[in-house]
Amino acid sequence: MYIGIDLGGTNIVAGIVDENGNIMFEKSCETKPHRQPQEIIDDMIVLVLNILKEANIQLIDIKAIGIGIPGLADKNGNVKFCVNLGWKNVSLREILETRLHKPIFIDNDATVAALAEYESGSMKNCKCGIVLTLGTGIGGGIILNGEIYSGFNGLGAELGHTVVGENFYDCNCGRNGCLETFASSTAIIKYTKKLIVEMNEPTIIIEKSEGNINNINAKIIFDCAKEGDKIATLAVNRLVKYLSIGILNIINFIDPEIIALGGGVSGAGQYLLDMIKDEVRSNKYYDDSPISRIVLAELGNKAGIIGAAMVAKHGYTK
């Protein structure tokens, strides 16, 4: 058995996972991200101990612990940075191994989601697959020949920070034009608000947001676009355009078998998927070229726990 921990900006979720990627027990707590790293790490430890107690499982029966983080860690388990948590150069593996006396394996949250989808989801048994997690930002995970690929320094697969155009606001990374500033939930909300202010066009978005522009979310925008709302349609079309540019760049560079779309934005489902497929087909490198299968990720919120546990399994069995 393994423990997988999904460290998010809102919640920390831990699960006991068997060899086949099945979650046996699960427990969560709030992250409270504005605290010091050590306070959050303390809560991770308490969460692990509590879930073992409730499941009546001994720590000795756990082979290893994996963690998916919303940022980047090097091959030594040092968190280089987590923007949304304010972490920089945190020795997460060393701290946890000292406290829990178990092997600790750490990777980016989108990377662990990709491993989960490879092990038991939309990319099962494929040779080369990519996961794009379309949420507050955009994460990327790459599986090559059944293994995570994160580059020479372990800092690769930052697909959300590939530049696809010039934008009206800068990315949190400090650059302009990153894919996640065009195709994340944050991006479509920002652009929709911009259109509402600048166009002075009647829109049902405001009605569905209870009259408050600050209540707008990605689901509302997609729902309104399905109903033919002009502003919502413009916002969705822009997201599709730039997300397809990002996908085409991935296809031209890696030529994966499957590209799976996860995260909150993918909740728009087949409606969004069909638009992206059409846009990618219309703009592929040359007319007769085959392209990757573009699908929806299957594991949803469970991918973080399963993937983190599978990172532990792969690391432990090497």
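Residue positions are given per chain, counting from 1 as you read along its sequence in written order. Local features in this predicted model are restricted to residues of pLDDT 70 or higher, and side-chain atom pairs are both shown and tallied only at a pLDDT of 80 or more, whereas totals for entire chains, interfaces and linings draw on every residue. Heavy atoms from the whole structure form the basis of all side-chain values; hydrogens and water molecules are not counted.

(A) Summary view of the sheet that holds strand S2 (residues 11–17). Strand order in this open sheet of five strands is S3-S2-S1-S4-S8, and the pairing throughout is mixed. The sheet is open, and its two borders are formed by strand S3 (23–30) and strand S8 (104–108), each paired with just one other strand. Neighbour-to-neighbour, the strand axes of the sheet open up by a mean angle of 15°, direction not taken into account. DSSP calls a pair of strands paired once it identifies at least 2 bridges connecting them. Helix numbering and strand numbering both begin at the N terminus, where a helix is a DSSP run of H or I of at least 4 residues and a strand a DSSP run of E of at least 2. One ladder, built from six bridges, connects strand S1 (residues 2–7) with S2; its direction is antiparallel. Counterpart to Asp6 in the pairing with S2 is Val13. Against the sheet, helix H2 (residues 92–100) contacts strand S4 (64–69) and S8, and its axis sits at roughly 150° relative to S8. Working rule for contacts: check all heavy atoms of both residues, and any pair within 4.5 Å makes them a contact. For helices, the fitted line uses only the C-alpha atoms of the stretch in contact; every axis is such a line through C-alpha atoms, and the angle between N-to-C directions lies from 0 to 180 degrees. Against the sheet, helix H3 (residues 109–120) touches S4 and S8, its axis set at about 100° to S8.

(B) Structural detail: the nonpolar core. In terms of nonpolar packing, the biggest core is built from 45 residues, with Leu132, Ile188, Leu239, Ile247, Leu261 and Ile276 touching the most fellow members. Counting only elements with at least two residues in this core, the list comes to strand S9 (128–134), strand S10 (138–144), helix H4 (180–183), helix H5 (185–199), helix H7 (218–226), helix H8 (230–254), strand S12 (258–262) and helix H9 (269–282). Counting residues per element, this core draws most heavily on H8, which supplies 12 residues. Ignoring anything within four residues of it in the chain, the contact list for Leu132 reads Ile138, Gly139, Gly140, Leu159, Leu243, Ile247, Ile250, Ile259, Ala260, Leu261 and Gly262. To define a nonpolar core, start from buried Ala, Val, Leu, Ile, Met, Phe, Trp, Tyr and Cys residues and group those joined through side-chain atoms within 4.5 Å. For every residue, the accessible area obtained with a 1.4 Å probe (protein chains only) is divided by the maximum for its type, and the residue is called buried under 20%, exposed over 50%, and partly exposed between those limits. Core analysis: the second largest hydrophobic core is formed by 31 residues, Leu7, Ile16, Ile51 and Ala55 among them.

(C) Representation of the side chain of Thr111 within the structure. Of note, Thr111 is situated in helix H3. Judged by relative accessible area, which is 1%, Thr111 ranks as buried. Excluding residues that lie within four positions of it along the chain, Thr111 makes contacts with Gly140, Gly141, Ile148, Ser150 and Ala157.

(D) A look at the packing of H5 against H8. Relative orientation of the contacting elements H5 and H8 amounts to 140°, with a least axis distance of 9 Å. Classified by the angle their axes make, H5 and H8 are oblique. Crossing handedness for the pair H5 and H8: right-handed. Between H5 and H8, the residues in contact are Ile188, Tyr191, Thr192, Leu195, Ile196 and Met199 and Lys230, Ile231, Leu234, Ala235, Val236, Arg238 and Leu239, respectively. Across the contact of H5 with H8, the residue classes break down as 10 nonpolar, one polar and two charged. Any angle that is under 35 degrees is reported as roughly parallel, and any over 145 degrees as roughly antiparallel; angles of 65 to 115 degrees are reported as roughly perpendicular and all others as oblique. Crossing handedness: left-handed means the near helix sits turned counterclockwise from the far one by under a right angle, and right-handed means the same turn made clockwise. Amino acid classes used here: Ala, Val, Leu, Ile, Met, Phe, Trp, Tyr, Cys and Pro are nonpolar; Asp, Glu, Lys and Arg are charged; the rest, including Gly, are polar.

(E) Quick peek at the pattern of salt bridges. The salt bridge definition used is simple: a Lys or Arg side-chain nitrogen within 4 Å of an Asp or Glu carboxyl oxygen. Counted under the stated rule, the structure contains 10 salt bridges. A salt bridge links Glu54 to Lys27, with the shortest nitrogen-to-oxygen separation between them at 2.8 Å. With Glu54 in helix H1 (residues 37–55) and Lys27 in strand S3, this residue pair connects regions lying 27 residues apart in the sequence.

(F) The arrangement of the pairing of S8 in detail. Counted residue by residue, S8 has five buried out of five residues, so it is predominantly covered. Here five bridges tie S4 to S8, and the two strands are oriented parallel to one another. Paired with Gly68 across the strands is Asp107, a residue of S8.

In short, the description is geometric, and any link to function would need to be established separately.
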